[in-house]
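Analysis of the macromolecular model
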Amino acid sequence: MRVRLLLLALFLPLSQRIPGNPLEHLPTNVEVLTYFGERADISPDNQRVAFMAKSFGDAMVLDLNSRIIRCLTCNVPGAAFLRVMHLMTGDYILIGPDHFENVHVSRTRDNELWFLSKERGARPIKLNQKMSEGAAISKKSLKIAFSQLPAQSPDLAPDASRLVIADLDLSGTPKLVNQKTVYESKDRICVLEAQDFYASDSKMTFTCYELEGHASVMGIDLQIGQVANFSRMPGTYNEVEGIFPDGLYTTVESDRECERLGGVRGSGNIDIWKLRLDGTGKDFTRLTYFNDYEGGKASNPVISTDGRFMAFQSAKTDDPAGVGYGILLYWFKP
């Protein structure tokens, strides 16, 4: 069935996608983990997957052995978090506002970082740091990177954005120390978002959001400040998400299937691709085929630290970025 559908897709005229639900036509190396939730994150020991129940909601964690799901923030009245990510200690970083005001303000001006202990019943602790969208969290150290826009940092020029790295100090009350701006964009031609550390935390990937809904996969050498464009495909959408443990490849939310299927380019019509970080932008392999189906897309991939599997989410083309309807596992190796 899977082969027949893919062959059918190859010969469909442009702008035509397959009717149906991609979850009903999964390849054998992909399994559904949950039928709700979004923005998965894999623990450094690859034993758990944390995720959000919904946008502006509670953080959850699923044990991959027992498949038991536990709520991490249900003791927080009116929890309005947007992301949950693992620290190397087994603790968590939460991202989101302290209360929900409205989608725009709560996702921009009021978005901030929180620390959550792995101990049951722990309550989130503010790190007193406003930031934009997601963060890069090291799986090997307590290093964190995030971006800021004028909405979170009024000292920035109106159209500027910057990348900041810091260390998380857990010696007392959790706090960020050693903050340093490592890169700044002066205008909206490139709006920055931190993504993943790699090469023993000496390098980091980030997304450059461009005009007209386009985006590029970028990287920075944190030791010398050199920046590279890895996707090298102007006029397309390429948002970096997830890093392979060898640091040679990353996964990308990309709209490149629109070259065959048609449709509006941008963050709506995307699937997950694998990109080699060699600077040519040519080694680009498609991993998921959710966007071959009407209204479907796959997004927000993360890679296990042993490189054996990827967690990602099922999503819909007409929903805002990050909204998901269940977590899936994609197995690279048995």
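Residues numbered from 1 in each chain as written. Predicted model: local features only at pLDDT ≥ 70, side-chain atom pairs only at ≥ 80, totals over all residues. Heavy atoms only, no water.

Quick look at the sheet that holds strand 23 (residues 309-316)
Ordered in space as 1-24-23-22, the four strands form an open sheet in which the pairing is antiparallel. In the strand order of this sheet, the two ends are held by strand 1 (30-32) and strand 22 (296-303), each with one partner. Averaged over all pairs of adjacent strands, the angle between strand axes in this sheet comes to 30°, irrespective of strand direction. Two strands pair when backbone bridges link them, and strand 22 and strand 23 are joined in this way by six bridges, in the antiparallel orientation. Opposite serine 299, over in strand 23, you have glutamine 313 as the bridge partner. (Pairing = 2+ DSSP bridges. Helix = DSSP H or I, 4+ residues; strand = E, 2+ residues; numbered from the N terminus. Axes fitted to C-alpha atoms, helices over the stretch in contact; angles between N-to-C directions.)

A short note on the pairing of strand 11 (residues 143-148)
Among the six residues in strand 11, six count as buried, and that is most of the element. The alternating pattern of strand 11 places Lys143, Ala145 and Ser147 on one face and Ile144, Phe146 and Gln148 on the opposite face, and all of these are buried. Here strand 10 (residues 132-137) hands over to strand 11 after five residues, the two strands then running antiparallel side by side. Across six bridges, strand 11 lies against strand 12 (residues 161-169) in antiparallel orientation. Residue pairing in the sheet places glutamine 148 in a bridge with arginine 162 of strand 12. (Buried < 20%, exposed > 50% of the residue type's maximum accessible area, 1.4 Å probe, protein only.)

Let's talk about the state of the cysteines
Taken as a whole, this structure holds two disulfides when the rule is applied. Across the disulfide, cysteine 71 is cross-linked to cysteine 74 (sulfur-sulfur distance 2.1 Å). On the sign convention where negative is left-handed, the bridge of cysteine 71 and cysteine 74, at about 95° about the S-S bond, is right-handed. A relative accessible area of 56% places cysteine 74 in the exposed class. Each bonded cysteine of the protein chain gets a number by its place in the sequence, and the pairs then read 1-2, 3-4. Between cysteine 258, a free cysteine, and cysteine 208, which holds the nearest cysteine sulfur, the sulfur-to-sulfur gap is 20 Å. Looking at cysteine 258, the relative accessible area reads 7%, which means it is buried. (Disulfide = S-S within 2.5 Å.)

Remarks on the packing of aromatic side chains
Within this structure, the stated rule accounts for ten aromatic pairs. Consider the rings of phenylalanine 56 and phenylalanine 100, whose centres lie 4.8 Å apart with planes at 65°: the pair is edge-to-face. Linking phenylalanine 56 in the loop between strand 3 (48-52) and strand 4 (59-63) with phenylalanine 100 in the loop between strand 7 (92-96) and helix 2 (103-107), this pair joins segments that are 44 residues apart in sequence. Taken together, a centroid distance of 5.0 Å and an interplanar angle of 50° make the contact between tyrosine 330 and phenylalanine 332 tilted. Take tyrosine 330: its relative accessible area is 12%, and that puts it in the buried class. Lying over the aromatic face of phenylalanine 284, arginine 256 brings its terminal NZ or CZ to 3.7 Å of the ring centre. Residue placement shows lysine 316 over the ring face of tyrosine 325; its charged tip is 4.5 Å from the ring centre. (Phe/Tyr/Trp six-rings, centres within 6.5 Å; stacked < 30°, edge-to-face > 60°. Lys NZ or Arg CZ within 6 Å of the ring centre and 35° of its normal.)

Considering the sheet that holds strand 11
Working definition: the strands of a sheet are paired by backbone hydrogen bonds and lie parallel or antiparallel to each other. Here four strands make up an open sheet; going across it, the order is 10-11-12-13 and the pairing antiparallel. The open sheet has two edge strands with one neighbour each: strand 10 and strand 13 (175-185). Going from strand to strand, the sheet's axes swing by 25° on average, the running direction of each strand aside.

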